[in-house]
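# Structure assessment
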Amino acid sequence: MTQLKWGTPKALRELLCEVVSWKSMTLTEGEREFPSKVAAKLKGLTYFQENPEHLGLHDADLGRRFVTALYKHPSALGTVVLISHFDTVNTEEYGDLQEYAYQPEELTRLLHSRIDELPAEAREDLLSGEYLFGRGTMDMKMGLVMHMGLIEKASVEQWPINLLLLTVPDEEVNSSGMRAAVPKLLELKEKHQLTFKLFLNGEPVFTQEPGDRNYYVYSGSIGKIMPSALFYGKETHVGQPLSGITAPYIASFLTQRMEWNLSLQETVMGERTPLPVTLQQKDLRSEYSVQTPYRSAALYNVFLMQRNAEEIMNMFEKVATDAAKACNQAYHEICKEQTVTPVGDVRVLRYEDLEKHAVRKFGVEYVAGIKAAIQKREEWDDREKSFRIADALIIECQELAPAIVLLYAPPYYPAVNSSENELVKKCISYVKERGFEKFGLPVNQVHYFNGISDLSYVNYQDAGEGWTVFKENTPVWGTSYSIPFDEMTKLHAPVLNVGPLGKDAHKRTERLHIKNAFEEVPALVEGMVKMLAEKKVRC
Ligand SMILES: [Zn+2]
């Protein structure tokens, strides 16, 4: 029998350290170089030497690529897609230890001499010897390494199932890797006649509270959307404040009502989304002036479980209408008191209505030209471009001002959940039973992975208008940002996340639980996949 390269906890640990040493922070050269290194590793497996066409490198954006590796068995009925991301957040917070952030063994050793600098729980974990520290160990190169080990073992032992490993860039920023991978998954499905049975991600398990000893599997992933607003007031000179209305003043009414807004919190199956919060509120003018600021913007973060973009836009509009009403009332009162004639009322409109108005007034080409000019500004990200497009349009349509223009800024992660799916239920009971029997591991189910994941872009099921409303109110839609909604609905299979236990993702104390990551979880995932192979569950 062929010897496995990655068949022992020790071999997995070495592979992890090597994969971590390939720096791959989002939007760096390392992120661009990473995929060919993974592909080279996989090419070392006999299966991919014999089937080189099953291994692929594909373009995402900005010179970045993603990897697919398919192990196919002739009598398999279904395919499990193994999803991971290989980008990591950056490492400034490591300070003078930064160069060791990518060398887990050295970093873990070195931290002993810095033990006083660590928070209590990290200190305890370091002393226990049960954890390996380093950037990307937990989030989520271990997930990828586990999938590599799994595909090796399946191919050597010829498990009667198909496994499609997919590892993508950019999860930590815009998920452009996963969005680009969606049509490729459909293409591979066609080409190799695959039936997708399960989308299995390997994002790490987050402890729910300090000292939590439980292990979690996730049967869904929380959604995130960013309802945003452009506030267009009316300019005046500081000496005549009531002859205009400032954008910050209008904005203050909406921000008050959006931040921590209880109606935008969802509770599903006993789990609750975090409350909405303001991510940005700013003036679109950068210099000081005695002309009052009349254009500003705000970006709000809203988490989702069952709601879609249409429902959130309806709710956002209601909150904004309330805010405008209160703002108008306050303004009229002060004008009356000061015997000044008001300049008008703040109205609320959706971005799609602003764009339609501009098209009616100037024609399609003129509006497209305005958008294209803004798209050329490479120094602006999608958020900035979104505001600038809305701003440029309303400057040309001042008959609509003063106004609050409601829009969506990227990214959007639709919520996804498969808790009710029979196959997922079987997988979860398997992990629960075996985890406890074999390792004494207390396994619990969480319905929505709360760390945001690429699972948002598969198994899309939206019966309403969520999709259209999102497209029409996203100023950068179809140019610098898009979501393959249509293809996502065709990637119809349940989702599940089973990953290694770690702590402090995105912090300098990021660490991975050694026994859980190299022994327990790989064994449980292996058993679960084998169970799926035996059962030959049809979709
Ligand atoms: Zn992650």
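First, a word on what this report is: a plain description of the structure on this page. (Residues numbered from 1 in each chain as written. Predicted model: local features only at pLDDT ≥ 70, side-chain atom pairs only at ≥ 80, totals over all residues. Heavy atoms only, no water.)

What follows covers the overall build of the chain. Assigned secondary structure in the chain consists of 16 helices and 21 strands. Over its C-alpha atoms the chain spans a radius of gyration of 26 Å, differing by no more than 12% from the 24 Å that the globule rule assigns to 539 residues. A principal-axis box enclosing the C-alpha atoms of the chain has dimensions of 90 × 55 × 40 Å. Within the chain, the proportion of its 539 residues that are buried is 57%. In the chain, of all internal contacts separated by at least 6 residues, the share reaching a separation of at least 24 is 78%. By element, 49% of the accessible surface of the chain is carried by carbon and sulfur atoms, the whole surface being about 22,300 Å². If the 61 positive side-chain charges of the chain are averaged to one point and the 74 negative ones to another, these points end up 3 Å apart. (Helix = DSSP H or I, 4+ residues; strand = E, 2+ residues; numbered from the N terminus. Rg over C-alpha atoms; globule rule 2.2 N^0.38 Å. Buried < 20%, exposed > 50% of the residue type's maximum accessible area, 1.4 Å probe, protein only. Contact = heavy atoms within 4.5 Å. Areas by Shrake-Rupley, 256 points an atom, 1.4 Å probe, with all protein chains shown as cover. Lys, Arg positive; Asp, Glu negative; His and termini not counted. Charge placed at Lys NZ, Arg CZ, Asp CG, Glu CD.)

Turning to helix H5 (residues 120-128), its buried residues number three or more, namely Ala-122, Asp-125 and Leu-126. Seen along its axis, H5 keeps its buried residues to an arc of 100°; they face one direction. Facing away from the buried side of H5, by more than 90 degrees, are the exposed residues Glu-124 and Leu-127. On its buried side, H5 packs onto helix H4 (104-111), strand E4 (131-133), strand E20 (502-503) and strand E21 (511-513). Where H5 terminates, the next one or two residues include Gly-129, which has phi positive at roughly 75°. (Arc of directions from axis to C-beta.)

Before going further, it helps to spend a moment on the pairing of strand E7 (residues 215-218). Both faces of E7 are covered, namely the face carrying Tyr-215 and Val-217 and the face carrying Tyr-216 and Tyr-218. As judged from the four bridges shared by E7 and strand E18 (residues 443-446), these two strands associate in the parallel manner. Across the sheet, the residue bridging to Tyr-218 is Val-446, located in E18. (Pairing = 2+ DSSP bridges.)

Turning our eyes to something else, we now look at the nonpolar core. Phe-199, Phe-231, Leu-254 and Phe-470 are the most contacted members of the largest nonpolar core, which totals 99 residues. The element that contributes the greatest number of residues to this core is helix H9 (residues 309-337), accounting for twelve residues. The contacts of Phe-199, once residues within four sequence positions are left out, are Val-81, Ile-83, Leu-185, Leu-455, Val-458, Leu-491, Ala-493, Pro-494, Val-495 and Leu-496. One finds Phe-34, Phe-86, Val-431 and Leu-512 within the second-largest nonpolar core, a separate group that totals 66 residues. (Core = buried A, V, L, I, M, F, W, Y, C linked by side-chain atoms within 4.5 Å.)

Another aspect to go through is the sheet that holds E20. As summarised here, the arrangement of the three strands in space is E4-E21-E20, forming an open sheet in which the pairing is antiparallel. One side of each edge strand has no neighbouring strand; the edge strands of this open sheet are E4 and E20. With three bridges joining them, E4 and E21 adopt antiparallel strand pairing. Its bridge partner lying in E21, Tyr-131 is registered against His-513. Where helix H6 (residues 137-157) meets the sheet, its contacts fall on E4, E20 and E21, and the angle it forms with E21 comes to roughly 50°. (Axes fitted to C-alpha atoms, helices over the stretch in contact; angles between N-to-C directions.)

Right, let's get into the pattern of salt bridges. Between side chains of opposite charge, a pair can form when the charged atoms approach closely. On inspection of all chains with the given rule, the structure shows 35 salt bridges. One salt bridge in this structure joins Arg-135 and Glu-510, with 2.4 Å as the shortest N-O distance. Of the two residues, Arg-135 sits in the loop between E4 and H6 while Glu-510 sits in the loop between E20 and E21, which places them 375 residues apart along the sequence. Residues Glu-352 and Lys-356 are paired through a salt bridge, measuring 3.4 Å at the closest nitrogen-oxygen approach. Residue Glu-352 and its partner Lys-356 are located together in helix H10 (residues 351-362), separated by four residues, close to a single helical turn. Salt bridges linked by common partners bring Glu-121, Asp-125, Lys-503, Asp-504, Lys-507 and Arg-511 together as one network. (Salt bridge = Lys/Arg side-chain N within 4 Å of Asp/Glu carboxyl O.)

Our focus in this paragraph is the side chain of Asn-497. Inspection of the secondary structure assignment puts Asn-497 in strand E19 (residues 495-497). Of the polar contacts made by the side chain of Asn-497, one reaches the backbone oxygen of Glu-203; its length is 2.8 Å. Non-local contacts of Asn-497, meaning those with residues more than four positions away in its chain, are made with Asn-201, Gly-202, Glu-203, Val-217, Tyr-218 and Leu-455. (Polar contact = N/O pair within 3.5 Å; in protein donor to acceptor, adjacent residues only side chain to side chain.)

This next bit is on the packing of aromatic side chains. What the rule picks out here adds up to 21 aromatic pairs. A centroid spacing of 4.9 Å and a plane angle of 90° characterise the contact between Tyr-218 and Phe-449, whose relative ring orientation is edge-to-face. A residue pair is termed long-range when its members are at least 10 positions apart, and Tyr-218 in strand E7 and Phe-449 in the loop between E18 and helix H14 (466-472) qualify at 231 residues. Taking relative accessible area as the criterion, Tyr-218 reaches 0% and is therefore assigned buried. (Phe/Tyr/Trp six-rings, centres within 6.5 Å; stacked < 30°, edge-to-face > 60°.)

Attention now moves to a nonpolar patch on the surface. Side chains of Trp-260, Leu-262, Leu-275, Val-277 and Leu-279 sit close together on the surface and give an oily, nonpolar patch of about 500 Å² of accessible area. Mapped onto the elements of the fold, Leu-262 is located in the loop between helix H8 (247-258) and strand E11 (267-268). The class of Leu-262 is exposed, set by a relative accessible area of 63%. (Patch = residues over 30% accessible without salt bridge, like charges linked within 9 Å, V, L, I, M, F, W, Y side chains within 5 Å.)

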